[in-house]
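Letter by letter, the chains look like this.
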Amino acid sequence: MLKLALLSIWNRRGTIFLTLLTLSISVTLLMGVEKLRHDTQQSFFNTVSGTDLIVGARSGSLPLLLYSVFGIGQPTNNIRWSSYQQIASQEAVAWTIPITLGDSHQGFKVIGTENSFYEHFKFGRQQSLSMAEGHFFDDLFDVVLGAEVARALGYDLGDSVVIAHGLGRGSFAQHQDKPFKVAGILNATGTPIDRNLFISLAAWEAIHIDWRAGTRIPGMNLDAETVRTRDLTPKELTAFMVGLKSPMATFHMQRAINTYRTEPLQAILPGVALQELWQVLSIAEKSLLIVSACVIFASLTGMLGILLTSLNERRRELAILRAVGAGPLRIMALLLSESVFLTLLASALGVGMMYLLVFCFQDWIALEYGVFLTLNGLTPDQFRLLLWIQLAGLITGLIPAIKAYYYTLIDGLTPKI
Amino acid sequence: MTQPCSVSLNQLVFSWKKTHTLLNIDSLTLHKGEQVFVQGPSGSGKSTLLNLLGGVLLPHSGEISLLDTPLSTLSQRKRDRFRADHIGVLFQQFNLLPYLSVADNLLLPCQFSKLRRERTLKEYGSLSAGAHALLEALDLADYIHHPRPVSQLSIGQQQRVAAARALIGAPEILLADEPTSALDADTRHRFMNLLLQQSRQHNTTLIFVSHDLELRHPFDRVIDLKTLNPAYRVN
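What this report covers is the structure whose coordinates are included nearby.

Basis of the calculations
Residues numbered from 1 in each chain as written. Chains lettered and ligands numbered in written order. Predicted model: local features only at pLDDT ≥ 70, side-chain atom pairs only at ≥ 80, totals over all residues. Heavy atoms only, no water. Helix = DSSP H or I, 4+ residues; strand = E, 2+ residues; numbered from the N terminus. Buried < 20%, exposed > 50% of the residue type's maximum accessible area, 1.4 Å probe, protein only. Contact = heavy atoms within 4.5 Å. Areas by Shrake-Rupley, 256 points an atom, 1.4 Å probe, with all protein chains shown as cover. Axes fitted to C-alpha atoms, helices over the stretch in contact; angles between N-to-C directions. Parallel < 35°, antiparallel > 145°, perpendicular 65-115°, else oblique. Left-handed = near helix turned anticlockwise from the far one by under 90°. Pairing = 2+ DSSP bridges. Core = buried A, V, L, I, M, F, W, Y, C linked by side-chain atoms within 4.5 Å. Phe/Tyr/Trp six-rings, centres within 6.5 Å; stacked < 30°, edge-to-face > 60°. Lys NZ or Arg CZ within 6 Å of the ring centre and 35° of its normal. Patch = residues over 30% accessible without salt bridge, like charges linked within 9 Å, V, L, I, M, F, W, Y side chains within 5 Å. Salt bridge = Lys/Arg side-chain N within 4 Å of Asp/Glu carboxyl O. Polar contact = N/O pair within 3.5 Å; in protein donor to acceptor, adjacent residues only side chain to side chain. Buried area = accessible area lost by both parts, 1.4 Å probe. Nonpolar A, V, L, I, M, F, W, Y, C, P; charged D, E, K, R; others polar.

1. Here we look at the overall build of chain B
No. 1: Counting its secondary structure elements, chain B contains 11 helices and 9 strands.
No. 2: Counting over 235 residues, chain B shows a buried share of 52%.
No. 3: At a minimum sequence separation of 6, the contacts of chain B that also span at least 24 residues come to 73%.
No. 4: Entry remark: accessible area of chain B is about 10500 Å², with carbon and sulfur atoms responsible for 50%.

Here you go:
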């Protein structure tokens, strides 16, 4: 019976193939959107942990979170070095991680920071950073690479890296007079860190010492060796992360920073800000999910159309089966098994295509959009969606099956066509 | 009257929407192995009769017994099973599934009926041997060694494959619904000879419905629905 169903499908492979194609594309879409939703959420909440406060120039909690943690968007203003030092020296503060942004290398963002970044930054479930190779900053012109940067650009320890002034791949202004040496490569974290390069704040100051307002100061050109003799204390930084000795002090500290007198600062709680950001994003993701559910519905309707059309042509086939002893229920089951088989196959193809797409485009998506897609197994949510698709396929298949049931009753042994 | 009874109709009435009687047969008995030619113009209830005999339709009153089994006592599922086991059916044309090979088309009843599969195995040893024997008997031996798609067969050849399918596993009754109407005179003659010879050999009760009166001569009995079915005359 199964063989009959399969051969019958094979006999109509032209139209069936088209149905299968549309259906599996829509399954790919739905599963892809769900994957995107899930992995974005994962990478979102895993980007930062163990940090009590993030401090930046006063803007909004979302922009601050976006540029400091995700490397998305531009900081509105910088913080004075003196303010940073004053807050960092407070009694309640256990550690701070300074962050300076604005330069890039081949499209990857460069972060100016200190060794405290390597010591204190935590992601995921309180995981610390670890080196795959080499060490964190030692020499002034040491650069440390995130795992993805090293992989994508094929860099090894000791390679020379020239940092571009400003962001964007096509940046013309290069700090080619002060090249960096790859000192270390971090292990992959699955967070935006993988796509960052790290240099020390002193190095940041060094490559910008002969620059003002985004361009070189004419006539002033310090080479890499001379610059080492200068005072490389930073004057400004973009943001910093704060770890407190006791979480009890968090709100007190936040209030103190938000009302800081010498300049307008803002401190945010990363967990709360992440939650806020997620709420904004989840609306978009939910509507994407709804749209792809509509696409599934449309392609199931397409399948229904094709099955119903073919049913008319198959009336003779059904009568033959009836004549050799197939009961109406059996013929119904034949038709039903066809649509169930099609949805199953389309689901398998769709899931396969989704993984293929993730495999092919995960680097590009990570680079362009900062979303880290993983090649993990299906999530419970995805299984649930697949189950719903099967159910929808079954219900769709019921319509031609019931029609075939009536055809066999009407036609009997004397088919009309 | 020593031969066992194969088909027996008694006080049979079948109507459409209760008021419109299509078929009304007082009494009809066919013996095992009897070859009957049923003639009648269109609208005389031929297809209704075939569907009733095939167990697809049930009469509103009266009784149909096939092989001493009253069909009305069986559930639809059991009637389907009964048809699979005991009745071969032959249509006017397009009898074959285009996506199955000649042999698979021929063996289709053995997929649906355990009884016919076992009978074939008992008689020939294997299903393919049974298929080969029937193909040879119907002058289609060529297809054993040179299988080709059903669509490449002529209509006459297709009808002979269909006849072989209706005969495999030796069903007791063969219902043929104008199986020669699409054939030309030569192939028709050849087809009729083979069909009659094979059903005779298997002692199958052949119920052959047609309005081509030229074909009736070799049959044991000719039944005219016009006279048998008073409902037709009323309409």
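Still to come is the rest of the account.
2. A word on the packing of helix α10 (residues 315–323) of chain A against helix α12 (residues 380–411) of chain A
Residue and element names in this part refer to chain A.
No. 1: Two elements in contact, α10 and α12, have axes separated by 10 Å at closest approach and are oriented at 65 degrees. Between α10 and α12, the interaxial angle falls into the category roughly perpendicular. Both α10 and α12 take part in a crossing whose hand is right-handed. Where α10 abuts α12, its residues R315, L318 and R322 lie against A404, Y407, T408, L409 and D411.

3. What to know about the sheet that holds strand β1 (residues 5–16) of chain B
Residues and elements named next belong to chain B.
No. 1: Strand order in the open sheet formed by 4 strands is β2-β1-β4-β5, with antiparallel pairing between adjacent strands. Pairing within the sheet leaves two strands with one partner each, and these edge strands are β2 (20–31) and β5 (69–70).
No. 2: Against the sheet, helix α1 (residues 46–53) makes contact with β1, β2 and β4 (61–66), and its axis sits at roughly 125 degrees relative to β1, the strand it touches most.

4. A look at the nonpolar core
No. 1: Core analysis: the biggest nonpolar cluster contains 53 residues, and A:L321, B:L9, B:L53, B:L66 and B:L108 have the highest contact counts within it.
No. 2: In terms of residues, this core owes the most to one element, α10(A), which gives 5 residues.
No. 3: For B:L66, the residues in contact, after removing those within four places along its chain, are B:S6, B:V7, B:L53, B:L71, B:F82, B:I87 and B:I173.
No. 4: Of all hydrophobic cores here, the second largest spans 35 residues; its members include B:F37, B:L183, B:F191 and B:L206.

5. Description of the sheet that holds strand β9 (residues 221–224) of chain B
Two strands in a sheet stick together by hydrogen bonds in their backbones, pointing the same way (parallel) or opposite ways (antiparallel).
Residue and element names in this part refer to chain B.
No. 1: Spatial strand order, β6-β7-β8-β3-β9: 5 strands in an open sheet with parallel pairing. What marks the edges here is a single partner per strand, and that holds for β6 (87–90) and β9. The sheet shows a mean angle of 15 degrees between the axes of neighbouring strands, direction not considered.
No. 2: Contacts from helix α8 (residues 155–167) reach β6 and β7 (173–177) within the one sheet, and its direction differs from that of β6 by about 165 degrees.

6. Topic: the packing of aromatic side chains
No. 1: Inspection of the entire model under this criterion finds 14 aromatic pairs over all chains.
No. 2: Both rings, one in A:F117 and one in A:F121, keep their centres 5.1 Å apart while their planes meet at 20 degrees; by these two values the pair is stacked. Across the pair, A:F121 and A:F117 agree in class, each one buried.
No. 3: With a centroid separation of 4.8 Å and an interplanar angle of 35 degrees, the aromatic rings of A:F117 and A:F198 are classed as tilted. With A:F117 in helix α5 (residues 115–120) and A:F198 in strand β11 (residues 196–200), the pair connects residues that are 81 residues apart, well separated along the chain.
No. 4: An aromatic cluster is defined as three or more aromatic residues linked by ring pairs; in this entry it consists of A:F117, A:Y118, A:F121, A:F136, A:F137 and A:F198.
No. 5: For A:R13, the ring lying beneath its charged end belongs to A:W10, and the centroid distance is 4.4 Å.
No. 6: For the cation-ring pair, A:R316 lies above B:F91, with the distance from its terminal atom to the ring centre recorded as 5.7 Å.

7. Considering unusual backbone geometry
All names here are of chain B.
No. 1: Even without a glycine there, the phi angle at A170 is positive, about 45 degrees.
No. 2: Position of A170 relative to the elements: it lies in the loop between α8 and β7.
No. 3: Positive phi, close to 55 degrees, is recorded for N203, a residue that is not glycine.
No. 4: Locating N203 in the fold gives a position in the loop between α9 (185–201) and β8 (205–209).
No. 5: Exposure remark for N203: the relative accessible area of 34% places this residue in the partly exposed category.

8. Observations concerning a nonpolar patch on the surface
No. 1: Together, A:W388, A:L391, A:L394, A:I395, A:L398, A:I402, A:Y406 and A:I410 make up an exposed nonpolar region whose accessible area comes to about 780 Å².
No. 2: Residue placement: A:L398 occurs in helix α12.

9. Concerning the environment of A:S49
Residue and element names in this part refer to chain A.
No. 1: Note on placement: S49 falls in the loop between α2 (13–46) and β1 (53–57).
No. 2: C-alpha of S49 to C-alpha of Q126: the two residues are 77 residues apart in sequence and 5.9 Å apart in space.
No. 3: When neighbours within four sequence positions are excluded, S49 is seen to be in contact with K122, F123, G124 and Q126.
No. 4: Polar side-chain contacts of S49 include one of 3.4 Å to the backbone nitrogen of Q126.

10. Considerations on the side chain of B:K46
Residue and element names in this part refer to chain B.
No. 1: Here K46 is to be found in helix α1.
No. 2: Residue classification places K46 among the buried residues on the basis of a relative accessible area of 8%.
No. 3: Discounting residues that sit within four places of it in the chain, K46 has contacts with G40, P41, E178, V209, H211 and L225.

11. A word on the interface of chain B and chain A
Accessible area lost on assembly of the parts is the figure often given for the size of an interface.
No. 1: With 29 residues of chain B at the interface, the matching set in chain A holds 27 residues.
No. 2: With both sides pooled, the region where chain B packs onto chain A buries about 2300 Å², and carbon together with sulfur makes up 62% of that total.
No. 3: When residues of chain B are sorted by the area they lose upon contact with chain A, B:F91, B:Y99 and B:F112 head the list and together hold 32% of the total.
No. 4: For the pair chain B and chain A, the interface holds 2 salt bridges.
No. 5: Of the charged contacts in the structure, one is a salt bridge between A:K3 and B:D104, with a shortest N-O distance of 3.6 Å.
No. 6: There are 3 residue pairs in polar contact (both at pLDDT 80 or more) connecting chain B and chain A.
No. 7: Contributions of two or more residues to the side of chain B that touches chain A are made by α1, α2 (76–86), α4 (108–112) and β7 of chain B.
No. 8: Take the side of chain B that touches chain A: its biggest share by element is 6 residues, from α2(B).
No. 9: Partitioning the side of chain B that touches chain A into residue classes produces 15 nonpolar, 7 polar and 7 charged.

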